[in-house]
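One-letter residues, chain by chain:
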Amino acid sequence: MTGHRYIESLKDGREVWIDGARAGDVTQHPAFRDMILELARVYDLQNREPYRAEMTCIDPDAPSQPFPAGGGGRGGGVGGRISVSWLLPRSAEDLRRKRRNSELWNQLTWGQLGRSPDILAPYIISALHLKEAFSAVAHPKCDFGENLENYYRTCKKHDLFLTHALGDPQVDRSAQPQNEQRQVAEDEQVALHVVEETDEGVVVTGGKQLSTAAPHANECYVSLSPTFARRSDPRCVLSFAIPMDSPGLKILAREPVSRWFGSWGHPLKMLDEQDCMLFFDRVLVPWDRLFLLYDSTPIVKMLGADGSGVGFNFLGWANLCRVEVRMRLLTAVATMVAEAIGVIDYREVAAKLGEMVTYCEVWRHAMDGVEHEARPTPSGQWTLGPARDLHIWFAQTSRRMTELLREICGSGIIMQPSENDLANPEVRRYLDRYMRGRDVDVAYKSRLFRLAHELAASSYGMRQDIYEYWHVGVSRRNRINLLKSFDQDEMIGRIRDLLKSPLSHGEVP
């Protein structure tokens, strides 16, 4: 993908709604434009040295001839060169290349994008690992495993940007059980379900949340989350991928967190990845785009939704590298703030910074451990070591780190001058006297604190905090699934042996 081709690919007439009006061309709408331009910038970088050598590679499965040129976002690959995001890992070296690619995607976007183009490729690769299990769900119209493989090839060839939508709308969760087969009837007015089968495909109706990046993605992978994988009604069991301009697909965007009046600086406003509700109004899903229908067995296995654990981890680097960059950014900003106001040598402040560094170091060691436990699988792909526990841990750690940043900033995080204040000579003389820092002028200090505000106190920062807590699903459910899959047999056996004999005790005097 190139920046120009990416922008052109979004001019497809997709039905995006925001604040009661249809958005029209999303590449020009102020709520989406900056994010799209930022992604286009990174797409262009991946085509230039030195990034090209690390973010792209020659597809080992492709012939050497160029891909056919195509309109919009389709086609244009030369010589079988692909994004490393779509590289099927078949060796430890492939995994190292994928780690570096994910590091670059996240470094270039400050670790702020939970749904960068690097994120969803591993989802398709993970499903493809279970191709035979998907094919085992028989249907006379198609082979779901073959559909997965063909779709992977399409995404790889065109370097498509995917988002996903997994959960039901948040209407009534009172009867939704955790970690067990759903017993109550599905709400057909809410849950996405099959309305009918036709010669062309299945017609679906219902809602899905929460589709981050829907306005600026090429396609959406629609499936089931661990919470909703074990449905009572087979019509609600389906997995597929469709273009964002599919007829009947309506996209409702939230209030932007990147639009402001005045000149109060928001240095990360170009990274406002929109979160959306998806409404399917009799949307046709072609047979060749269906990966699952009526039987959730492969998805339950893929997600470990029955608590049995997941024996492979192809999702690793995209999110792990993002968390590492985000942690280091929060820690660096907190350190710079402490220096700017002369409190870095306060024991309380230094201890808080040390706590943030501890989280960074634990995460770095954990990433190395995940890589150390990489191994081949029967499918021929290499998998990283397990990392589900890390995502659960960061969901709570992220909130703690932003809390520490706010504490270190003190009241300065909410009271800083604007760029227009700094530029006004009449006001500036007071700012230079009363709002400077220790050995730093007011311009540096105010911009630094505005960055801290963006990360930990603004609506943008609050959205990021909420995203980190919920994007891996319900924390309690994840912990329960982790407990069920945690091997304690050896230690429990030793304890039971210990309890078979009377315990040692003191002598009776």
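Residues numbered from 1 in each chain as written. Predicted model: local features only at pLDDT ≥ 70, side-chain atom pairs only at ≥ 80, totals over all residues. Heavy atoms only, no water.

Asks: So, the sheet that holds strand E12 (residues 290-293): which residues are in play, and what are the values?
Replies: Judged by pairing direction, the sheet is mixed, and its 4 strands sit side by side in the order E5-E8-E9-E12 without closing on themselves. The sheet is open, and its two edges are formed by strand E5 (162-165) and E12, each paired on a single side. Averaged over all pairs of adjacent strands, the angle between their axes in this sheet comes to 20 degrees, without regard to strand direction. Note that strand E9 (residues 238-243) and E12 share 3 bridges and pair antiparallel. Within the sheet, the bridge partner assigned to Ser239 lies in E12 and is Leu292. (Pairing = 2+ DSSP bridges. Helix = DSSP H or I, 4+ residues; strand = E, 2+ residues; numbered from the N terminus. Axes fitted to C-alpha atoms, helices over the stretch in contact; angles between N-to-C directions.)

Asks: Lay out the packing of helix H5 (residues 121-129) against helix H7 (residues 144-158) with the relevant residues and their values.
Replies: Contact geometry for H5 and H7: axes closest at 9 Å, N-to-C directions at 150 degrees. The pairing of H5 with H7 is recorded here as roughly antiparallel in orientation. For H5 against H7, the interelement crossing comes out left-handed. Seen from H5, the contacting residues are Ile124, Ile125, Ala127 and Leu128; seen from H7, they are Leu148, Glu149, Tyr151 and Tyr152. Its residues placed into classes, the contact of H5 with H7 shows 7 nonpolar, no polar and 1 charged. (Parallel < 35°, antiparallel > 145°, perpendicular 65-115°, else oblique. Left-handed = near helix turned anticlockwise from the far one by under 90°. Contact = heavy atoms within 4.5 Å. Nonpolar A, V, L, I, M, F, W, Y, C, P; charged D, E, K, R; others polar.)

Asks: Describe in detail the sheet that holds strand E7 (residues 201-208), supporting the description with residues and values.
Replies: Read from one edge of the open sheet, 6 strands run E2-E1-E10-E11-E7-E6, paired in mixed fashion. Across the chains shown, the open sheet's two edge strands, defined by having one partner strand only, are strand E2 (21-22) and strand E6 (193-197). Here strand E1 (residues 15-18) pairs with E2 via 2 bridges, running antiparallel. Residue Ile18 lies in a different strand from E2, and its bridge partner there is Ala21.

Asks: Would you mind going over the pattern of salt bridges in detail, with residue names and values included?
Replies: Scanning the entire structure with this criterion turns up 40 salt bridges. The shortest N-O distance in the salt bridge between Glu38 and Arg41 comes to 2.7 Å. Of this pair, Glu38 and Arg41 both sit in helix H2 (residues 33-45), 3 residues apart, which is roughly one turn of the helix. One salt bridge connects Lys500 with Asp497, and the closest N-O pair in it is separated by 3.2 Å. (Salt bridge = Lys/Arg side-chain N within 4 Å of Asp/Glu carboxyl O.)

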